[in-house]
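What follows is the residue order along each chain.
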Amino acid sequence: MAEVSPITAGHRVEVTEVGPRDGIQADATFVPTEHKIALINRLTEAGVPRIEATSFVSPRAVPQLADAAEVMKGVKRSKSTVLAALVPNARGAIRAAEAGVDQIVVFMSASESHNLKNVNCTVAESLKAFEDVAKIAHDSGIPVHGAIATSFGCPFEGDVPVAQVARIARAYQDMGFVGMSFGDTTGMATPPLVKERVLAVRDAAPRLSQVLHFHNTRGIGLANVMAGLAVGVDRYESSIGGTGGCPFVPKATGNICTEDLLYLLHEMGIETGIDLRKLMGMASDMQSVLGRELPGQIMKAGLRLDLHPMESVRTAVG
Ligand code: ZN
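Residues numbered from 1 in each chain as written. Predicted model: local features only at pLDDT ≥ 70, side-chain atom pairs only at ≥ 80, totals over all residues. Heavy atoms only, no water.

**A look at the overall build of the protein chain**
Along its length, the protein chain carries twelve helices and eight strands. A compact globule built from 318 residues would reach a C-alpha radius of gyration of about 20 Å, and the protein chain, at 19 Å, matches this within 12%. Seen through its C-alpha atoms, the protein chain measures out along the principal axes to roughly 70 × 45 × 40 Å. Counting only residues that meet the buried cut, the protein chain has 53% of its 318 residues in that class. Counting contacts in the protein chain only where the partners sit at least 6 residues apart, residues at least 24 apart contribute 75% of the total. For the protein chain, the computed accessible surface area is about 14,300 Å², with 56% contributed by carbon and sulfur atoms. Across the protein chain, the centroid of the 30 positively charged side chains sits 2 Å from that of the 34 negatively charged ones. (Helix = DSSP H or I, 4+ residues; strand = E, 2+ residues; numbered from the N terminus. Rg over C-alpha atoms; globule rule 2.2 N^0.38 Å. Buried < 20%, exposed > 50% of the residue type's maximum accessible area, 1.4 Å probe, protein only. Contact = heavy atoms within 4.5 Å. Areas by Shrake-Rupley, 256 points an atom, 1.4 Å probe, with all protein chains shown as cover. Lys, Arg positive; Asp, Glu negative; His and termini not counted. Charge placed at Lys NZ, Arg CZ, Asp CG, Glu CD.)

**Structural notes on the environment of Gly23**
Structurally, Gly23 is set in helix H1 (residues 19-25). Its relative accessible area of 3% is what places Gly23 among the buried residues. For Gly23 and Asn255, which are 232 residues apart along the polypeptide, the C-alpha to C-alpha distance reads 7.2 Å. Other than its neighbours up to four places away in sequence, Gly23 contacts Val18, Thr243, Gly244 and Asn255.

**Overview of the coordination of the zinc ion**
Looking at the metal site, the zinc ion is ligated by Asp22 (OD), His213 (NE2), His215 (NE2) and Asn255 (OD1), spaced 2.0 to 2.1 Å from it. Viewed at the metal, the four donor atoms of the zinc ion are separated by angles of 82 to 155°, and the geometry they form is irregular. Within one chain, the residues serving as donors to the zinc ion are arranged as D-x190-H-x1-H-x39-N. For the pair His213 and His215, one class covers both residues: buried. (Donors = N, O, S within 2.8 Å, 3.2 Å for Na, K, Ca; no water. Tetrahedral: all angles 85-135°; square planar, octahedral: opposite > 155°, others 65-115°.)

**Description of the packing of helix H6 (residues 123-140) against helix H7 (residues 162-174)**
Direction vectors running N to C along H6 and H7 enclose 15°, while the axes themselves pass 11 Å from each other. In terms of orientation, H6 lies roughly parallel with respect to H7. Crossing geometry of H6 relative to H7 is assigned as right-handed. Of the residues in H7, those touching H6 at Val123, Leu127 and Phe130 are Gln164, Arg167, Ile168, Ala171 and Tyr172. Tallied by class, the residues present in the contact of H6 with H7 amount to six nonpolar, one polar and one charged. (Axes fitted to C-alpha atoms, helices over the stretch in contact; angles between N-to-C directions. Parallel < 35°, antiparallel > 145°, perpendicular 65-115°, else oblique. Left-handed = near helix turned anticlockwise from the far one by under 90°. Nonpolar A, V, L, I, M, F, W, Y, C, P; charged D, E, K, R; others polar.)

**Description of the pairing of strand E4 (residues 103-109)**
Of all seven residues in E4, seven are buried; the element is thus mostly enclosed. A two-sided burial pattern is seen for E4, the buried positions comprising Gln103, Val105, Phe107 and Ser109 on one face and Ile104, Val106 and Met108 on the other. Alignment of strand E3 (residues 82-86) against E4, held across three bridges, turns out to be parallel. Paired with Ala85 across the strands is Ile104, a residue of E4. Where the polypeptide runs from E3 across helix H4 (residues 90-99) and back to E4, its parallel neighbour, the crossover connection is right-handed. (Pairing = 2+ DSSP bridges. Right-handed = clockwise from strand over helix to strand, strands pointing away.)

**Details of unusual backbone geometry**
Positive phi outside glycine occurs at Asn120, with the angle close to 60°. Residue position: Asn120 is located in the loop between helix H5 (112-119) and H6. Phi angles above zero are rare outside glycine, and Thr150 is one such case at about 50°. If you trace the backbone, Thr150 turns up in the loop between strand E5 (144-149) and H7. Among the residues examined, Thr150 registers a relative accessible area of 3% and is labelled buried.

**So, the sheet that holds strand E2 (residues 50-55)**
Judged by pairing direction, the barrel is parallel, and its eight strands sit side by side in the order E1-E2-E3-E4-E5-E6-E7-E8 before closing back on the first. Direction aside, neighbouring strands of the sheet carry axes that sit 25° apart on average. As defined by bridge partners, strand E1 (residues 14-17) adjoins strand E8 (residues 235-238) across four bridges and the pair is classed as parallel. Opposite Glu14, over in E8, you have Arg235 as the bridge partner.

Don't take any of this as a statement about function, it's just geometry.
The following block contains the structure:
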């Protein structure tokens, strides 16, 4: 088994912002194209190194992201920010390549029933379809990253065998993918599962860069990040304000919140290169765009040493 070097003070972590895709995909409020473009531009200016910008899925399946090509066309590009986009199949890969994405992300679930429900394919069929995507991407010189949903459990089947996650990761590596994400849309990850799965995939597919994608569904999203840092994972995905959710867990909170994650990492002396204050402002603006309160906490509480004038607080009586 590979040696584990924890991520600690002085290390750098890459935070991917998934708000423009995962965060708003299922939102009932349509976010106008110019707002999406402005969001991505502000994230780029704030130093976010990788953004999940959109998804080239069928506009009928996901009306929120029907403007994928316009978004890609409208955003300012920067050499220091990778713009990734999800694609469900070869047709999506062709559209994504035409739109000039920096990275293609394919996705499937580790459990058969969730994969059938989500993309209407068996696990084997998904892997087969990815070979076509990989070929298109390769011909266009675009790297491919593969997400594995239900990496920590399935809402229909319960526990997902770690060997199944490792097998899919190995298939990704064999297809020449550059990285993989452990997806936890239904918030079933726990620190022991994180450790187990990260190590198993590192053994099975050592060339794949690993990314952890947690949801705060059960309130332990950042505890899972701590578990990931302890086993040396230096890439995480999160969404501004904690946007997003899961159709199977009504009222569940969404992705772990980017500002809260940055706060944790920065307080631990871990660098991200991202301007947290800018993200806090953007998260507040996001609440106005979506017309509701978002779960992010740092944008509301401020940083720990943000002082308050004494006169502004009433003195307790009695
Ligand atoms: Zn998510």
